[in-house]
Amino acid sequence: MNSEKPRNGANHYENVACPFCGIACDDLDIGPSGNGLKVLKNGCAKSVAGFERPLIERSPQIDGKDCSLEAAVAEAAKLIRGSRLPIFSGLGTDVQGTRAILALAESGGGVIDHALSDAAYRNIRVLQSSGWLNTSLTEARNRADLFVIAGADVPSLHPRFFERIVCNEESMFSDTPPKRTVIFLGESLDTSAATGSRIGEVITLPCKIDRIGEILDAMRALAKGATVSGDTIGGLPRAAVEDLLARCKSSTYGVMAWDPNKFDFPAGDLTVQAICEFIKDLNLTSRFAGLSLGGAEGIPSATSVCAWQSGYPLRVSFASGKPEFDTERYNAKRMIENKEGDLLVWLASFGDDLSPPDTDLATIVLGVPGLKLARTPKVFIPVGTPGVDHHGSVIRVDNVVSLPLKKLRQSKLPAATDVLASIEAAL
């Protein structure tokens, strides 16, 4: 991956990494535009919305009234110190921000969990219980001859995924890479981005997303010679399922991509497990890999850092003085709804939409100045965005690459890392 460097002035950068979706494209050109920034090259709807967001430098607040940063930090420390069980969530931040809020949660004896953990845990439960064979974005880009998109609405999730990973004309290992087959498994999926000279066949297999697991399980059975009855399987014609199995078995490097956010139905993690077990079986005779997409709002950074430092991937309590892990008991969303804690500390430094839940719990918010709030929090401290207002680093959705984020504009907004460290020091 290329490094970032300034060009044509202090506020003009090329090869910028974008923190606004999980694939973290690192080839953007960003330049000045009035008092703000403009995406000059390789942008998408998400990067333009993030980088070109107007700079607003509002003051911290206590009970909705402007105050100094020092007073807001002191009030936040006072609330955490007096809390019986603080809940630290949101966690829309980078590696450094996650380290800081994890340290504060430990010092404050609280529970820590990301706002988007429900989807992440559809993956984590499978990884913990039975494992998986997953690939990286780079491997998929350079090696795959078959992509199966299992239920993921990729263009809205990652606007440049097809451009950078699937439709790339060049390969690291061949000057004339072969064409790729792209199969969309699921209903109402946007196939429009699967175009270009690299793309061969594009096949659409419309089925209900909650039946994808059934189709994968049936293909496992068919591959083992078991009897599967019926003219349809999971809502698809039997012949289409048999053809999909044959294509997967004959590929030299197949990749099946999914978005765990789309499996938001009872036991949705079983669909992830069906995908992963199918891939394991294929690897007995060929080469095939999984690729989980998503990773918005810094959740790959949050799960990775929490695992490094506590041994567990979020949903961790430090109330006893040591890390305790429980995927159900320390689900922050459930705890807030049931008022099992008495204070919410919310961090959202990437976008305006990662709003804290509408709760009457006392709330401390560290967020971007335009963060949408249903209620006035007890303490609000505006913070900068990693990769825009200050340096940082973010872990990509494939969990194998950490990309540096650069400060691109002059801003008085503090980094969440610094604010959290100040609060911890004041406890």
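Structure shown above.
Residues numbered from 1 in each chain as written. Predicted model: local features only at pLDDT ≥ 70, side-chain atom pairs only at ≥ 80, totals over all residues. Heavy atoms only, no water.

**Student:** Give me the lowdown on the side chain of Arg409, citing residues and values where you can.
**Tutor:** Assignment of secondary structure puts Arg409 in the loop between strand 22 (402-405) and helix 13 (416-426). With a relative accessible area of 7%, Arg409 lands in the buried category. Engagement of the side chain of Arg409 in a polar contact is seen with the backbone oxygen of Arg53, the distance being 3.3 Å. (Helix = DSSP H or I, 4+ residues; strand = E, 2+ residues; numbered from the N terminus. Buried < 20%, exposed > 50% of the residue type's maximum accessible area, 1.4 Å probe, protein only. Polar contact = N/O pair within 3.5 Å; in protein donor to acceptor, adjacent residues only side chain to side chain.)

**Student:** So, the pattern of salt bridges: which residues are in play, and what are the values?
**Tutor:** Side-chain pairs of opposite charge can arise where the charged atoms are in close proximity. One pass over the structure, following the stated rule, counts 26 salt bridges. Between Asp352 and Arg53 there is a salt bridge, and its shortest N-O distance comes to 3.9 Å. Placement of Asp352 in the loop between strand 18 (343-348) and strand 19 (362-367) and of Arg53 in the loop between helix 1 (45-51) and strand 5 (61-62) is noted, with a sequence separation of 299 residues between them. Judged by relative accessible area, Asp352 falls into the partly exposed class, the value being 24%. Note on Arg53: relative accessible area 16%, which makes it buried. Of the charged contacts in the structure, one is a salt bridge between Lys372 and Asp353, with a shortest N-O distance of 2.5 Å. (Salt bridge = Lys/Arg side-chain N within 4 Å of Asp/Glu carboxyl O.)

**Student:** Tell me about the pairing of strand 9 (residues 146-150), and please be specific about residues and values.
**Tutor:** Burial runs high along strand 9: five of the five residues are buried. Every second residue of strand 9 is oriented toward a common face, with Leu146, Val148 and Ala150 on one face and Phe147 and Ile149 on the other, all of them buried. Of the pairings in the sheet, the one linking strand 9 to strand 14 (residues 254-258) comprises five bridges and is parallel in character. Each bridged residue has a counterpart across the sheet, and for Ala150 the counterpart in strand 14 is Trp258. (Pairing = 2+ DSSP bridges.)

**Student:** Which residues make up the layout of surface pockets, and what are the values?
**Tutor:** In this approach the atoms are scanned with a rolling probe the size of a water molecule, which exposes any empty space left behind. Volume-wise, the largest pocket comes out at about 640 Å³. For the largest pocket, the lining is made up of 33 residues, of which Asn123, Trp132, Thr303, Val397 and Asn399 are closest to its centre. Ranked by residues supplied to the lining of the largest pocket, first place goes to helix 4 (residues 117-129) with six residues. Its residues placed into classes, the lining of the largest pocket shows 17 nonpolar, 14 polar and two charged. (1 Å grid on protein atoms, 1.4 Å probe; cavity = no way out; pocket = protein on both sides within 12 Å on 5 of 7 lines; lining within 4 Å. Points joined across faces, edges and corners; volume = space filled by probe spheres on them. Nonpolar A, V, L, I, M, F, W, Y, C, P; charged D, E, K, R; others polar.)

**Student:** With reference to specific residues and values, describe the side chain of Glu75.
**Tutor:** Tracing the backbone shows Glu75 in helix 2 (residues 69-81). Lys78 provides the closest opposite charge to the buried, salt-bridge-free Glu75, at an N-O distance of 4.4 Å. Not counting residues up to four positions away in its chain, the partners in contact with Glu75 are Ile62, Lys378 and Val379. (Lys, Arg positive; Asp, Glu negative; His and termini not counted. Contact = heavy atoms within 4.5 Å.)

**Student:** Help me get a handle on the state of the cysteines, residues and values and all.
**Tutor:** Evaluation of the coordinates by the stated rule reveals zero disulfides. The cysteine Cys25 is free of any disulfide, with Cys21 supplying the nearest cysteine sulfur at 5.8 Å. (Disulfide = S-S within 2.5 Å.)

**Student:** Describe the packing of helix 2 against helix 13, listing the residues and the values that go with them.
**Tutor:** In contact at an axis separation of 8 Å, helix 2 and helix 13 are set at 55° when each is read in the N-to-C sense. Here helix 2 is positioned oblique relative to helix 13, judged by the angle of their axes. As for the relative orientation of helix 2 and helix 13, their crossing is right-handed in sense. Along the contact surface, helix 2 presents Leu69, Val73, Ala76, Ala77, Ile80 and Arg81, while helix 13 presents Val419, Ser422, Ile423 and Ala426. (Axes fitted to C-alpha atoms, helices over the stretch in contact; angles between N-to-C directions. Parallel < 35°, antiparallel > 145°, perpendicular 65-115°, else oblique. Left-handed = near helix turned anticlockwise from the far one by under 90°.)

**Student:** Tell me about the sheet that holds strand 14, and please be specific about residues and values.
**Tutor:** Spatially, five strands are ordered 11-10-9-14-15 in an open sheet, and the strand pairing comes out parallel. Unpaired on one side and paired on the other, strand 11 (199-205) and strand 15 (288-292) mark the two borders of the sheet. Pairwise comparison of adjacent strand axes, ignoring direction, gives a mean angle of 15° for this sheet. Where helix 10 (residues 269-282) meets the sheet, its contacts fall on strand 9, strand 14 and strand 15, and the angle it forms with strand 14 comes to roughly 175°.

**Student:** How would you sum up the nonpolar core? Please name residues and give values.
**Tutor:** One finds Ile112, Ile364, Leu366 and Ile423 to be the most contacted residues of the largest nonpolar core, which totals 40 residues. Residues contacting Ile112, with those up to four places away along its chain left out, are Phe88, Leu91, Ile101, Leu102, Ala105, Cys306, Leu314, Arg315, Val316 and Phe318. (Core = buried A, V, L, I, M, F, W, Y, C linked by side-chain atoms within 4.5 Å.)

**Student:** Provide a residue-level description of helix 2, including the pertinent values.
**Tutor:** For helix 2, built from 13 residues, the straight-helix expectation of 18 Å at 1.5 Å per residue is met to within 8% by its first-to-last C-alpha distance of 18 Å. Every buried residue of helix 2 is listed here: Ala72, Val73, Glu75, Ala76, Ala77, Leu79 and Ile80. (Expected span 1.5 Å × (residues − 1).)

**Student:** Which residues make up the environment of Gly370, and what are the values?
**Tutor:** Within the secondary structure layout, Gly370 lies in the loop between strand 19 and strand 20 (379-382). Expressed as a C-alpha distance, the spacing of Gly370 and Asp352, which sit 18 residues apart in the sequence, is 5.6 Å.

**Student:** If you had to explain the packing of aromatic side chains to someone new, which residues and values would you point to?
**Tutor:** In this structure the tally under the stated criterion is seven aromatic pairs. A ring pair is formed by Phe20 and Phe51, whose centres lie 5.2 Å apart and whose planes are at 90°; its orientation type is edge-to-face. In this pair, Phe20 sits in the loop between strand 2 (13-16) and strand 3 (28-33) while Phe51 sits in helix 1, placing the two residues 31 residues apart along the sequence. Note on Phe20: relative accessible area 15%, which makes it buried. On the basis of relative accessible area, Phe51 is assigned to the buried category, the value being 0%. Between Tyr312 and Phe325, the aromatic rings sit 5.1 Å apart at their centres with planes inclined by 5°, giving stacked as the arrangement. Residue Tyr312 is located in the loop between helix 11 (299-310) and strand 16 (316-317), and its partner Phe325 is located in strand 17 (residues 324-325); the two are separated by 13 residues in the primary sequence. A relative accessible area of 31% means that Tyr312 is categorised as partly exposed. Here a set of aromatic residues connected by ring pairs shows up, and it is made of Phe161, Phe162 and Phe184. (Phe/Tyr/Trp six-rings, centres within 6.5 Å; stacked < 30°, edge-to-face > 60°.)

Any functional reading would require information beyond the geometric quantities listed.
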